[in-house]
Amino acid sequence: MQVRCERGTLPPLPDRSVHKTGWDADGTRGAKQLALLEHYGLRPTSDVLEIGCGIGRLAYELASFLTLDATYRGFDIAPRAIEWLKANYEPRLPGFEFELLSDVANPRYHKAGTVSSETVCFPYPDASFDLVCAFEVLMHLPLEGVRNYLDEVARVLRPGGVAVLTFMAIWETETEPMFSGRRFVAIGGG
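Here goes a summary of the coordinates provided.

## Considerations on the overall build of the chain
Along the chain, the regular secondary structure elements total four helices and seven strands. Helices and strands appear in the chain in the N-to-C order α-β-α-β-α-β-β-α-β-β-β. A burial count over the chain gives 44% of its 190 residues as buried. Once local pairs closer than 6 in sequence are excluded, the contacts in the chain between residues at least 24 apart make up 75%. Summed over its atoms, the accessible surface of the chain is roughly 10,200 Å², and 55% of this surface lies on carbon and sulfur atoms.

The structure is reproduced here in structure tokens:
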């Protein structure tokens, strides 16, 4: 089966100044994400949705993994990241699309947004994807936002589809949990 592009033929990922994303000291985060998705059933012919695609780490890896029959959709609320991906990856990768959710409010990434995470609707039809993933995205949402995103994930997954969603755990004994110098946002309810 033919893939969209050979490994190493895409422009390298932009630097983190385009969009502040999770740390990737050794440059293997995208490859690790791909390996995790393969473990949970990703196939070269899968239709994939990535929530919070950031600067395109997973898209970069999927470009040489997915066949021409597969699709990839990634969305984020970071305009500069989506602009970069649309300019540098989308034209070179048929079947790959990057979408900006420009009105979604987020206290860290988009304070001026007018749509809450509790009410956002993913811009895709029901039962569109074999696999939906979000890597350390839901931890930036309030509890009701997480509930809504999980409902949206269930809506856009095909029957038998798989969702791979990662979180950071906070132990009950941690009174002031922090990561990279930032306090976690309390969402209540455990």
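## Concerning the nonpolar core
Formed by 27 residues in total, the largest nonpolar core has its most connected members in Leu42, Leu62, Tyr72 and Phe98. Looking at this core, the element that brings in the most residues is helix 2 (residues 57-62), giving four residues. Filtering out sequence-adjacent residues up to four positions away, Phe98 remains in contact with Cys53, Ala59, Tyr72, Gly74, Ile82, Leu85, Lys86, Tyr89 and Glu90. Listed in part, the 20 residues of the second largest apolar core include Leu101, Tyr124, Val137 and Tyr149.

## Here's the deal with the sheet that holds strand 5 (residues 157-165)
Pairing in this open sheet of five strands is parallel, and the strands run 3-2-1-4-5 from one edge to the other. Each edge of the sheet is formed by a strand with only one pairing partner; in this case those strands are strand 3 (96-100) and strand 5. In this sheet, adjacent strand axes meet at a mean angle of 15° when their direction is disregarded. On the sheet, helix 3 (residues 79-88) packs against strand 2 (71-76) and strand 3 and is oriented at approximately 155° with respect to strand 3.

## Quick word on the packing of aromatic side chains
According to the stated counting rule, one finds eight aromatic pairs in the structure shown. Considering the side-chain rings of Phe75 and Phe122, the 5.0 Å spacing of their centres and the 55° angle between planes classify their relative orientation as tilted. On the criterion of sequence distance, the pair formed by Phe75 in strand 2 and Phe122 in the loop between strand 3 and strand 4 (129-134) is long-range, its members being 47 residues apart. Like Phe122, Phe75 is buried. What links up through ring pairs into an aromatic cluster is the set Phe75, Phe122, Tyr124, Phe129 and Tyr149.

## Examining empty space enclosed by the protein
Empty space among the atoms becomes visible once a probe the size of a water molecule is rolled across them. This model, assessed by the stated rule, comprises one cavity of 30 Å³ or more. Estimated volume of the largest cavity: approximately 30 Å³. If you trace the largest cavity, you find it lined by Cys5, Glu6, Arg7, Gly8, Thr9, Leu10, Tyr60 and Ser64. Here the residues of the lining of the largest cavity sort into three nonpolar, three polar and two charged.

## Quick word on unusual backbone geometry
Negative phi values dominate among residues other than glycine, just as trans dominates among peptide bonds. Here Ala127, not a glycine, exhibits a phi torsion of approximately 50°, which is positive. With respect to the helices, strands and loops of the structure, Ala127 is situated in the loop between strand 3 and strand 4. Phi at Glu136 takes a positive value of approximately 50°, unusual for a residue other than glycine. As for its position among the elements, Glu136 is in the loop between strand 4 and helix 4 (143-156).

## A few points about the pattern of salt bridges
Enumeration over the complete set of coordinates arrives at seven salt bridges. Between Arg158 and Asp130 there is a salt bridge, with the nearest N and O atoms lying 3.1 Å from each other. Of this pair, Arg158 sits in strand 5 while Asp130 is found in strand 4, placing the two residues 28 residues apart along the sequence. The class for Arg158 is partly exposed, based on a relative accessible area of 29%. A single network of salt bridges, built from pairs that share partners, joins Asp47, Asp130 and Arg158.

Definitions and limits used
Residue positions within a chain follow its written sequence, with the count starting from 1. The predicted nature of this model means local features are confined to residues of pLDDT at least 70 and side-chain atom pairs, given and counted, to a pLDDT of 80 or more, with totals for whole chains, interfaces and linings taken over all residues. Heavy atoms from the whole structure form the basis of all side-chain values; hydrogens and water molecules are not counted. Put simply, DSSP H or I for four residues or longer makes a helix, DSSP E for two residues or longer makes a strand, and each gets a number counted from the N terminus. For every residue, the accessible area obtained with a 1.4 Å probe (protein chains only) is divided by the maximum for its type, and the residue is called buried under 20%, exposed over 50%, and partly exposed between those limits. Should any heavy atoms of two residues lie within 4.5 Å, those residues are considered in contact. Only the protein chains shown count as cover for residues, and the accessible areas themselves come from Shrake-Rupley with a 1.4 Å probe. Nine residue types can take part in a nonpolar core, namely buried Ala, Val, Leu, Ile, Met, Phe, Trp, Tyr and Cys, and a core is a set of them joined through side-chain atoms within 4.5 Å. Pairing between two strands requires that DSSP report at least two bridges joining them. Angular values range over 0 to 180 degrees, each being the angle between N-to-C directions of two axes fitted as lines to C-alpha atoms, with helices fitted over their stretch in contact. Pairs were defined over the aromatic rings of Phe, Tyr and Trp, the Trp ring being its six-membered one, requiring ring centres within 6.5 Å. Orientation was assigned from the angle between planes: stacked under 30 degrees, edge-to-face over 60, tilted for the rest. A 1.4 Å probe that fits into a set of points on a 1 Å grid over the protein atoms alone but cannot get out defines a cavity; an open set with protein on both sides within 12 Å along at least five of seven lines defines a pocket, and lining residues are those with an atom within 4 Å of a point. Grid points are joined across faces, edges and corners, and a volume is the space filled by probe spheres set on the points. Residue polarity follows a fixed list, in which Ala, Val, Leu, Ile, Met, Phe, Trp, Tyr, Cys and Pro are nonpolar, Asp, Glu, Lys and Arg are charged, and the others, Gly among them, are polar. Throughout this description, the term salt bridge denotes a Lys or Arg side-chain nitrogen within 4 Å of a carboxyl oxygen of Asp or Glu.

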